[in-house]
Amino acid sequence: MNRLLHPLILALMTGLFATTSQSAINQTKGDFVDSFRQLDESLPTPNVYRNASGQPGHQYWQQQADYTIRATLNEDERSLSANLDLSYRNNSPDSLSYLWLQLDQNKFRSDSMAELTAEFAGNGSRGSKTSATDGKEPHKMSLGGLRRQQFMADNELGYDILTVTAGNGRALPHTIVGTLMRVDLPRPLKPGQRTSLSIDYRFNILEEDAVWARGGYEHFPDDEREGGNDIFLIAQWFPRMVAYTDYEGWTNKEFIGRGEFTLEFGNYTLELTVPDDHIVSSTGALENASEVLTATQRQRLKEAETAERPVFVVTAEEALKNEKDGTDGTKTWIFKADNVRDVAWASSRKFIWDAKGYQQGGDVQPLVMAMSFYPKEGEPLWSKYSTESVIHTMEVFSRFSFDYPYPTAQSVNGPVGGMEYPMITFNGPRTDLQDDGRRTYTLAEKRFLIGVVIHEVGHIYFPMIVNSDERQWTWMDEGLNSYLDGVAGREWDPDMPWGVEPRGIVDYMKSDQQVPIMTQSDSVLNLGPNAYGKPAVALNILRETILGRELFDFALREYANRWRFKRPTPADFFRTMEEASGVDLDWFWRGWFYSTDHVDLSLDKIYQLRLDTQNPDIDFGRRRQEEADKPPSLYVMRNHDEGKPVWVDANEDVRDFYDDNDRFTPTNADRNTYTAFLDELEDWEKAALARAIEEDQHYYVFEFSNLGGLPMPILLELTYADESTEMLRIPAEIWRRSHHQVQKLITRQKTLVSAVIDPLWETADVDVENNHYPRRIIPSRIESFKDPDREGWEYREIMRDLNIDLEPSKAEKEAMEAEENEERESDSKMNAGLEEDG
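Analysis parameters
Residues numbered from 1 in each chain as written. Predicted model: local features only at pLDDT ≥ 70, side-chain atom pairs only at ≥ 80, totals over all residues. Heavy atoms only, no water. Pairing = 2+ DSSP bridges. Helix = DSSP H or I, 4+ residues; strand = E, 2+ residues; numbered from the N terminus. Phe/Tyr/Trp six-rings, centres within 6.5 Å; stacked < 30°, edge-to-face > 60°. Buried < 20%, exposed > 50% of the residue type's maximum accessible area, 1.4 Å probe, protein only. Lys NZ or Arg CZ within 6 Å of the ring centre and 35° of its normal. Axes fitted to C-alpha atoms, helices over the stretch in contact; angles between N-to-C directions. Patch = residues over 30% accessible without salt bridge, like charges linked within 9 Å, V, L, I, M, F, W, Y side chains within 5 Å. Areas by Shrake-Rupley, 256 points an atom, 1.4 Å probe, with all protein chains shown as cover. Salt bridge = Lys/Arg side-chain N within 4 Å of Asp/Glu carboxyl O. Arc of directions from axis to C-beta. Contact = heavy atoms within 4.5 Å. Core = buried A, V, L, I, M, F, W, Y, C linked by side-chain atoms within 4.5 Å. pLDDT = per-residue confidence, 0-100. 1 Å grid on protein atoms, 1.4 Å probe; cavity = no way out; pocket = protein on both sides within 12 Å on 5 of 7 lines; lining within 4 Å. Points joined across faces, edges and corners; volume = space filled by probe spheres on them. Nonpolar A, V, L, I, M, F, W, Y, C, P; charged D, E, K, R; others polar.

Asks: It is not clear to me how the sheet that holds strand E9 (residues 174-177) should be interpreted in this structure. Could you clarify?
Replies: Sheet strands associate in pairs through backbone hydrogen bonding, adopting either a parallel or an antiparallel arrangement. The sheet built from four strands is open, its strands ordered E9-E10-E5-E14 with antiparallel pairing. Among the strands making up the open sheet, the edge pair consists of E9 and strand E14 (240-241). As judged from the four bridges shared by E9 and strand E10 (residues 180-189), these two strands associate in the antiparallel manner. Across the sheet, residue Ile176 finds its bridge partner in E10, namely Met181.

The structure is reproduced here in C-alpha cells:
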C-alpha cells in the first residue's frame, strides 16, 4: 500500500459507496457565505440607456463638446495664454440651466483640496517619510520634497480666468469651486439644443520635475544655448467640459490627483503659437505642414509612410543645431482632431523626430503615422524602439478590439514618466552619458521604454476611445490596459522580465493595504497593485484559466466594439463579458472586484479508498496485508536487536491450529455469508459490483480548503507511480454549496503518489506550499533574503561596463612588477657596462 496516502476502506452498502463522515465539511452555524450569489442585486438596474446584456440601450445618449483653441506658449516666462470657443450640444433628455467645466490646473493652488488634504508621508506621497513607530527615528523630507515646497511657494499656479462670454459676446456669470467652474446660462439649454461660449485664460506652466504632475516643462541648463533649453509637455491645459451622464448627471467630483478624467467627445481645432525653431507634436493631424515644415521634412514624412524602419524627419544633427541657435520668431502650428475626448501637445527645439507608416489596411484608417519625438538624451534607445513599440501596440490591441481610428499615434519623451491622451503619449526613459561621450542604458531602461510606450499607446484604445469614467473607476482603463500591455510585452519578447504574471500580485493580495478594486480612485490605499496589477491578473486568469482564449477574446472584442466612442460603466463590462461568453461569472466579479479576499486553496488530505467486496477470499487477504504494512513494534524490534529469545521459536514442537491459521483466515461460514449477500442483490447491483471487482480501481477522496476566501477553480496535477502525470481542472462551482471545505472523489486505474494544486501558478495563490500533498520540503529562503540584488539583474550597466578595461589579478600585477624590475636592473647593468667601456 502507498504509505504516502492515508488508507480508508470504501464499504459497499446496498449498492452505494459510502465515503467519509460528512461532519468534516459541515458549515459552522451562522457562517455560510454565498460567493455565487447573483451580482445583479449589486449592479444598477438595466434601463433604456444601458440594457441587461451590457449593451448601450436604445435611448443611449452622450453630450458633444467641440472646441477651437488659440494658444501661445511664452517660453521665457514659461506660461501659456489662450482663448477657446466652445460649442456644446445637449443630447440628454434634460434641460440644463448651467454648465460645469474642469479647471485641472487649480489642483496646484496652495488652497486647493489636493494640497490642503495631502498627508505628510501619507500613502502615495513623495518626498517625505514618517518616523518609526517607536519614535527613535525622526520624520524625514527629501531634497525633492523641499524642492517642491519651494517651487509651490515661489510661483502663482492655477488658472487665471480672464473672461467668460456667450457666443454674442455678453459676459456670463461663473463661479469657481476648486478645480471646477460653473457657468450660468442665460436660459436653460433644452434637449437637442446647442450653446456657445468663449473663455480667455492663462496659467504658469509647472516644472514637472519639481512638482510631480502629468504635464509641465523640463529644463536642460547644460545645453550650449545661453540659458539652456526646455521641453514642454502641455496637458490639462484648457477648461474642459465636465461629463454629464445618464448614471450620475454632472460628474463634478473634485480633481485631487489620483482619479483621472471623465470627458466628453468632440471635434477640435488647435492653433498653437510657439518659437519658430520648436517642433510640435499634438493630438490631431497637422493642417499647415507647408507653413511650419521645410520641404525636406515634408519629403521625409512622405518617405516614412512606406518605410521598413523609422525615418528621421528631424535628425539628431538638426536638433542639436536648433539647441544651439535659438530664435526670437514664432510659428503657428494648426492641428485638427475629430471625435476625441481630449487634446494634448508637446513643444521643444530639442526634439529629434522619427516616423514610420503603419499599414493597417481596412476601411477605418488604412494608414496610421507612428511617430516619436525625443531629445538627444534619449538616444540611442529611442530611435531603435519607440516608434516600433507604437506600431506593435496597435497590432496587438486592435486584435482584441477594433482598428485604430486616428491618423497618428505618437510617443514623446519628456519629464512625465508615462501619460496618455488621444493620438499622443508622454514617456520618460532616458539613457546615461558616459565619460567617453557614449550613451548607454540598462536592460531595465529598455524594458521601461518598450513597456511604457505599449501601455500609454494602449490607453488610446482604453479609455480614449472606450471612454470609461477614470475618476470613479481607475481599473476600467488601467487594469484592462495593463492586461493587454502584458499580452503585447510577452509577444514582443517573452524572455524580458515584464512583471505581469499572476505570481507578482500575491504579496498585495494578502496585505493589509488591499481595498476592493471597485473603490473610488482617490480612496485607494495602494493604486498600482489595486488598479493596475490585480485587475490585470484577474483578466489573465479569466482568459487563460476560466473562459479560455476563444471565449474571452470574443467577449472582450464585443465589449470594445459595443462601447467604442461611448461611455461604459463596470456593469456594462461585467454583463457584456458574461453575455458574450455564455458563462456565469458573477462569483468571479464578486470575489475579485468587490472583496479583499485572496486565493489560498489548500490540499489538506487525500484518502485512498479500496472497494470492500464482502468476498472473504479477497478482503481478508487485503486486511492481512494492511496489518503487515503497519510499522512493527519498537519494543519487539529492540528485543530482536538485543538477541532476546522468543518462546515460540525456541519451542517449535509445541504447536496448534492457530500457528497455521491467523485471524485473517477465511472460513466457509464467511463464504456462506457472502453468498447470501449476493443473493439479496438486484441484477443491476450484481453487475455493478462484478465490474468494480474486475476493474479493481483506486478510489481517492481529496479534501480541499478555501483558506483565502476567494473561490477559484481547482487546477489539480496528479502524479502516478509510473511517473506519468495528469491535469484535472475542477470548475470553481465546486465551492457553491460549501465555501470553506469540499471533498472530491477521483477514480483511477493507476496508483497515485502525489498531487499539487495550481502547479503553474496560474491563480495568484498566496501560499503554494499547502498546494502540495504530500507536503514538499520548503526550499530554503535564507539565500533569497540575504541577496538584495536577486531581482535586480536587469538594472546592471552591462552596456557601459563591457567597455571597461579588464584589470589584472594581484598575482598578475606582482608578476608584471617583477618583470619590470628585472628589465630595470638589466638596463642599469647595461648602462654601467657602457660607462666602464667608455
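Asks: Help me understand the packing of aromatic side chains in this model?
Replies: One pair of aromatic rings is described through two measures. These are the centre distance and the angle between the planes. Under the counting rule described, the total for this entry stands at 44 aromatic pairs. Note on Tyr421 and Phe426: the rings are 5.4 Å apart at their centroids and 55° apart in plane angle, and the pair reads as tilted. Here Tyr421 matches Phe426 in class, with each residue buried. Pairing Phe574 with Tyr594 gives two aromatic rings, centres 6.2 Å apart and planes at 55°, and the pair type is tilted. Here the residue Phe574 occupies a position in helix H13 (residues 570-581), and Tyr594 occupies one in the loop between helix H14 (586-593) and strand E30 (601-612), the gap between them amounting to 20 residues. Residue Phe574 is classed as buried on the basis of its relative accessible area of 1%. Each residue in the set Phe36, Trp475, Tyr559, Phe573, Phe574, Trp587, Phe588, Trp589, Trp592, Phe593 and Tyr594 is aromatic and connected to the rest through ring pairs, giving one cluster. The ring of Phe220 is capped by Lys350, whose NZ or CZ atom sits 4.2 Å from the centre of that ring. Just above the ring of Phe402 sits the side chain of Arg564; from NZ or CZ to the centre is 5.7 Å.

Asks: I would appreciate a short explanation of the sheet that holds strand E22 (residues 345-348) in the present structure.
Replies: Overall, antiparallel pairing links the four strands, which are arranged E12-E13-E22-E18 in an open sheet. On the outer flanks of this sheet lie strand E12 (216-220) and strand E18 (279-282), each paired with one strand and no other. Going from strand to strand, the sheet's axes swing by 10° on average, the running direction of each strand aside. One ladder, built from four bridges, connects E18 with E22; its direction is antiparallel. Within E22, the position partnered with Ile279 by the bridge is Ser348.

Asks: Explain the pairing of strand E33 (residues 725-730) here, please?
Replies: Within a regular strand, side chains alternate between the sheet's two faces. In terms of strand pairing, strand E32 (residues 714-720) meets E33 through six bridges, oriented antiparallel. The partner of Ile714 across the bridge, within E33, is Ile730. Hairpin connection from E32 to E33: four residues lie between these consecutive antiparallel strands, with Glu723 at a positive phi of about 75°.

Asks: Got a minute to help me understand a nonpolar patch on the surface in this structure?
Replies: The grouping of Phe120, Met141, Leu143 and Leu146 at the surface amounts to a nonpolar patch, some 400 Å² of accessible area in total. Structurally, Met141 can be placed in strand E7 (residues 140-141).

Asks: Would you mind going over helix H5 (residues 295-304) with me for this structure?
Replies: Side chains of residues three or four places apart in an α-helix project in the same direction, reflecting 3.6 residues per turn. Every buried residue belonging to H5 is among Gln297, Arg300, Leu301 and Ala304, and all of these are buried. On an axial view of H5, the arc spanned by its buried residues comes to 100°, and they lie on one face. Facing away from the buried side of H5 by more than 90 degrees, the exposed set consists of Ala295 and Lys302. Lining the buried residues of H5 we find helix H4 (289-292), strand E20 (311-314), helix H6 (316-325), strand E23 (352-359) and strand E24 (367-374).

Asks: I'm lost on the nonpolar core in this one. Help?
Replies: Taken as a class, soluble globular proteins show a tendency for nonpolar side chains to be buried jointly. Counting residues in hydrophobic clusters, the biggest one holds 192 residues, and the most contacted among them are Tyr201, Trp237, Phe426, Trp592 and Phe702. If you tally residues by element for this core, the top one is helix H7 (residues 381-400), at nine residues. In this structure Trp592 touches Met509, Ile517, Lys534, Val537, Ala538, Ile541, Val599, Leu710, Met712, Thr763 and Ala764, once residues within four positions along its chain are discounted. In terms of nonpolar packing, the next biggest core, distinct from the first, is built from 10 residues, Tyr607, Leu609, Leu681 and Leu689 among them.

Asks: Quick question: what am I supposed to make of the confidence of the model for the chain here?
Replies: Regions with low pLDDT carry predicted coordinates that are not meant to be interpreted in detail. On average, residues of the chain score 91 in pLDDT, and 91% of them reach the 70 mark or higher. Below pLDDT 50 for its whole length, residues 1-9 participates in 31 contacts with residues either more than four positions away or in separate chains.

Asks: So what exactly am I meant to see when it comes to empty space enclosed by the protein here?
Replies: Regions of empty space are outlined by a rolling probe, equal in size to a water molecule, passed over the atoms. The final tally for this structure, using the stated rule, is three cavities of 30 Å³ or more. Space inside the largest cavity adds up to approximately 40 Å³. Of all the secondary structure elements, the ones that give two or more residues to the lining of the largest cavity are strand E3 (64-74) and E14. Among the residues forming the lining of the largest cavity, the class breakdown is six nonpolar, no polar and three charged.

Asks: What am I meant to see in the pattern of salt bridges here?
Replies: Overall, the coordinates contain 54 salt bridges when judged by the stated rule. Glu264 serves as the salt-bridge partner of Arg567, at 3.3 Å between the closest nitrogen and oxygen. Residue Arg567 is located in the loop between helix H12 (549-562) and H13, and its partner Glu264 is located in the loop between strand E16 (249-250) and strand E17 (266-275); the two are separated by 303 residues in the primary sequence. Of the two residues, Arg567 and Glu264, both sit in the buried class. Overlapping salt bridges bring together Asp223, Glu323, Lys350, Lys376 and Glu377 as one network.

Asks: Help me understand the environment of Phe552, please; the structure alone is not making it clear to me.
Replies: On the secondary structure map, Phe552 appears in helix H12. On the accessibility criterion, Phe552 (0% relative accessible area) is buried. When the C-alpha positions of Phe552 and Ala580 are compared, they lie 8.6 Å apart, and in sequence the two are 28 residues distant. Residues in contact with Phe552, not counting those within four places in the same chain, are Tyr483, Leu539, Leu542, Arg543, Leu547 and Met577.

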